[in-house]
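Summary of the model geometry
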Amino acid sequence: MSAHDALAAGAACPNPAFVREAQSAIAAYDQAGMFSGAVLVAANGRPVLRRGVGLADRELGVAAAPEMKFRIGSITKQFTATAILQLQEAGKLSIDDPISKYYADAPAAWSKVTLRHLLTHSSGIPTYTALPGFFDRTARLPHTPEELIKLTRDKPLEFEPGSKFAYDNSGYILLGYVVEKVSGQPYADYLKQHIFGPLHMTGSGYDREDTIILGRVPGYQRAPDGGLGNAPFLDMSVPFAAGSLYSTVDDLLAWDQALYAASPLKPNSLKAMFTDYGHHYGFGFVIDQQWGQDRIWHNGGVNGFTASFQRYPKSRITAVALANQTTPATDKLATDLAGLCLGAKVYPRQAPETATALARYAGFYELSPFIVTKVDIRAPGLISHIAGQPDLRLYPAGGGKFFAKTADVELTFQTGADGQVSGVVIQQGGQQPLAKRIDAAEAERLAKAKAAHLAAGVASPGTEEALRRVIGGLQSGAPDYSRMAPSLAEATRRQADGIRTALAQLGPLKSVTFQSVGPGGADIYIVAFEKGSLEWRIVLGDGGQIVGLVFRQSPG
């Protein structure tokens, strides 16, 4: 056990082997460099696992400890929602009031937007964090709540209030503004007086760069070379009531127990907060199922930090993971630890392979024209190296199958007629692409081609034409799947209806503009539609076939 482990006498998980299995899981994340920070698992409000993981300060070499303070990003939203509900209980507002009642400069388009819509991300107000250049410029400068609201105040609604769900930080900025307007207190002071103080959450508060906060840790993010670097500066006035709080694993457990005891809110308010309003979301909480049980939870992400706070009411299991690095692993680690505590089958059963068998799989595999993974032996399994990414440790499951603990990835190696390993099928996120095996010389050629593509910084021939063609097909409902790699075609078929609906909301295509070459070699385009824009990444393989295609809301 770590020096920072502290277990409550008598506390126990349904799984008697939990501590041993949890330590093994945490070690996998730690050794892969995928998580550093603090974790806590509690049963019936009492910690069964509480420890620091990795380094809190990489420049000073200070180890992480569970009492340290981490920015929690959007976990802030549940505290904002609580403040609103407290004010409703006090008779000072109603969540069915229009926002225009409290924000005098609300445009006519917001006339139907209520506080309830803001709480449930169903207002249709665009999120300010998706504005062009936001993280490059706006996020570095101090802003008042009024200035943040003005960033999207005059933009058209994305949909009729109440008709759809779209995660929206602007809505929670408005809710924070309402808290200040109705209570007559600054948002930070209100939370301290009405939530953190009464619940003795002394390790929680509103983060400020100019204030010395004992135990506050710095944040890091992944650098292009795969290592960690200091996260870019973020003025903490910018996330405001959508994401500016810091906390500790102990305070979040205290918060969890207060919710069970109905300390911060009356039972009827808590029931409203934990109701799923049709999109697996209540008021500041995600409402879904995991490990065969109902789960009430939320995650958070803010420059250099990721967080996950998960509650399993049926079993009274709580799992918290707070990381001082930007990593996709934080949610998975918290979920894995909860599952291990509950005795769920979190990972496939390991089936040891001999050194001779492992040696068969070592080599180079082409994931795309610009991405090659080198697979080496790392007993008792394998390790996958991809340039610019953390190494992925693979555990044997027998019959040429391997799995990762730090990512939802399973690999099945393929054998040709000659008995030699010819490739590997990678199952991740519903996709099952086949990566063919190549020799060292071909791997070096592809690496040089990728380097040249990155250095040139220009689009590969044919990517814009292919992108226009595939978007047109998706809009019409008739994509040409023959022009896609089989795994991509299969994934696109499953999602085609949803993609078509999303594109229909944006209207006709207006322009396709090349932006840059991504670290993985994909060509990045900003595609403007009549009612918005999307960032698309595309990679072409042999014969112009699309082997990689993803899109997201344009960050700028």
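It should be noted that the structure appears before, not after, this text.
First, a word on scope: everything that follows refers to the structure included in this document. All residue numbers refer to positions counted from 1 along the written sequence of the respective chain. The model is predicted, so local features are restricted to residues of pLDDT at least 70 and side-chain atom pairs to those at 80 or more, both for listing and for counting; the totals for chains, interfaces and linings are taken over all residues. By convention in this description, side-chain values take in all heavy atoms of the structure and omit both hydrogens and water.

1. Let's talk about unusual backbone geometry
Residues apart from glycine generally show negative phi values, whereas peptide bonds are mostly found in trans. Note the cis peptide between Ala 379 and Pro 380, where omega equals 10°. With respect to the helices, strands and loops of the structure, Pro 380 is situated in the loop between strand 15 (371–378) and strand 16 (381–386). Despite not being glycine, His 280 shows a phi value in the positive range, around 60°. Residue placement: His 280 occurs in the loop between helix 9 (267–273) and strand 10 (286–290). Working definition: with a 1.4 Å probe on protein chains only, accessible area under 20% of the residue-type maximum means buried, over 50% means exposed, and in between means partly exposed. In this structure His 280 comes out as partly exposed when scored by relative accessible area, which is 45%. Unusually for a residue other than glycine, Trp 291 sits at a positive phi of about 55°. Only DSSP runs of H or I covering at least 4 residues are called helices, and only runs of E covering at least 2 are called strands; the numbering of each starts at the N terminus. Positionally, Trp 291 belongs in the loop between strand 10 and strand 11 (293–302).

2. Let's talk about the pattern of salt bridges
The salt bridge criterion pairs a side-chain nitrogen of Lys or Arg with a carboxyl oxygen of Asp or Glu, the two atoms within 4 Å. Tallied over the entire structure, the rule returns 18 salt bridges. For Lys 101, the salt bridge identified is with Asp 97, shortest N-O distance 3.6 Å. Put simply, Arg 153 and Asp 154 hold a salt bridge, and the shortest N to O gap is 3.6 Å. For Arg 153, a relative accessible area of 17% corresponds to the buried category.

3. Topic: helix 1 (residues 18–31)
Multiply 1.5 Å by the residue count of a helix minus one, and that product is the helix's expected span. Between its terminal C-alpha atoms helix 1 stretches 20 Å, which fits the 20 Å expected from 14 residues at 1.5 Å a residue. Contacts are assigned to residue pairs with any non-hydrogen atoms lying within 4.5 Å of each other. Check the buried side of helix 1 and you find it contacts strand 1 (37–43), strand 2 (46–53), helix 10 (329–342) and strand 17 (392–398). Two residues or fewer past helix 1, Gly 33 is found with a positive phi of approximately 70°.

4. Side note on the state of the cysteines
The term disulfide is used for any two cysteine sulfur atoms that are within 2.5 Å. Counted by the stated rule, this structure contains one disulfide. Each sulfur of the disulfide joining Cys 13 and Cys 341 lies 2.1 Å from the other. Disulfide Cys 13-Cys 341: torsion about the S-S bond near -100°, hence left-handed. One end of the pair, Cys 13, is in the segment before helix 1; the other, Cys 341, is in helix 10, with 328 residues separating them in the sequence. Like Cys 13, the residue Cys 341 is buried in the burial classification.

5. Considerations on the sheet that holds strand 12 (residues 305–312)
Strand pairing within a sheet occurs via backbone hydrogen bonds; the two strands may be parallel or antiparallel. As summarised here, the arrangement of the six strands in space is 2-1-13-12-11-10, forming an open sheet in which the pairing is antiparallel. Only two strands of the sheet have a single partner each, and these edge strands are strand 2 and strand 10. Taken pair by pair, the neighbouring strands of this sheet meet at an average axis angle of 15°, ignoring direction. Relative to strand 12, strand 11 runs antiparallel, the two being bridged by seven bridges. Two strands pair under a simple rule: DSSP has to find at least two bridges between them. The axes are straight lines fitted to the C-alpha atoms, using for helices just the contacting stretch, and the angles between their N-to-C directions are given from 0 to 180°.

6. What to know about the nonpolar core
Core analysis: the biggest nonpolar cluster contains 81 residues, and Phe 79, Ile 99, Trp 110, Leu 115, Leu 191, Trp 255 and Phe 285 have the highest contact counts within it. Look past the residues within four positions of Trp 255 in its chain and what remains in contact with it is Gln 78, Phe 79, Thr 82, Ile 195, Leu 199, Met 201, Pro 264, Phe 285 and Phe 309. Throughout this description, the term nonpolar core refers to a set of buried Ala, Val, Leu, Ile, Met, Phe, Trp, Tyr and Cys residues connected via side-chain atoms within 4.5 Å.

7. Quick look at the packing of aromatic side chains
Pairing of aromatic rings covers Phe, Tyr and Trp, the last counted by its six-membered ring, and requires centre-to-centre distances within 6.5 Å; plane angles under 30 degrees mean stacked, over 60 mean edge-to-face, and any other angle means tilted. Counted according to the given criterion, the structure contains 19 aromatic pairs. Geometrically, the ring pair formed by Tyr 187 and Tyr 206 is edge-to-face, given 6.1 Å between the ring centres and 75° between the ring planes. With Tyr 187 in helix 6 (residues 187–196) and Tyr 206 in strand 6 (residues 205–206), this pair connects stretches of sequence that are 19 residues apart. The same class applies to Tyr 187 as to Tyr 206, namely buried.

8. Brief notes about the pairing of strand 14 (residues 363–368)
When strand 14 meets strand 15, the two strands line up antiparallel, connected through five bridges. Looking at the pairing, Ser 368 lines up with Ile 371 of strand 15. Adjacent in sequence and paired antiparallel, strand 14 and strand 15 are bridged by two residues. Of the strand pairs in this sheet, strand 14 and strand 21 (residues 434–438) are connected by three bridges, and their pairing is antiparallel. When the bridges of strand 21 are listed, Glu 366 appears paired with Lys 436.

9. Here we look at the pairing of strand 19 (residues 410–415)
Look at any regular strand and the pattern is simple: side chains alternate between the two faces of the sheet. Where strand 18 (residues 401–403) lies against strand 19, three bridges are found, and the strand directions are antiparallel. Looking across to strand 19, one finds that Lys 401 is bridged to Thr 412. Counting the residues between successive antiparallel strands, the hairpin from strand 18 to strand 19 contains six residues. Alignment of strand 19 against strand 20 (residues 421–427), held across six bridges, turns out to be antiparallel. Residue Leu 411 lies in a different strand from strand 20, and its bridge partner there is Ile 426. Here strand 19 folds back onto strand 20, and the loop between the two strands holds five residues, one of which, Gly 419, carries a positive phi near 85°.

10. Concerning helix 8 (residues 249–260)
For helix 8, with 12 residues, the first-to-last C-alpha span of 17 Å sits near the 16 Å given by 1.5 Å per residue. For helix 8, every residue scored as buried is listed here: Val 249, Asp 251, Leu 252, Leu 253, Trp 255, Asp 256, Ala 258 and Leu 259.

11. Describing the environment of Asp 480
Tracing the backbone through its elements, the reader meets Asp 480 in the loop between helix 13 (463–476) and helix 14 (486–506). Note: C-alpha distance between Asp 480 and Ala 231 (249 residues apart in sequence) is 41 Å. N or O atoms closer than or at 3.5 Å make up a polar contact, with two conditions inside protein: a donor-capable atom paired with an acceptor-capable one, and, for residues adjacent in sequence, both atoms drawn from side chains. At 2.4 Å, the side chain of Asp 480 and the side chain of Ser 482 are in polar contact.

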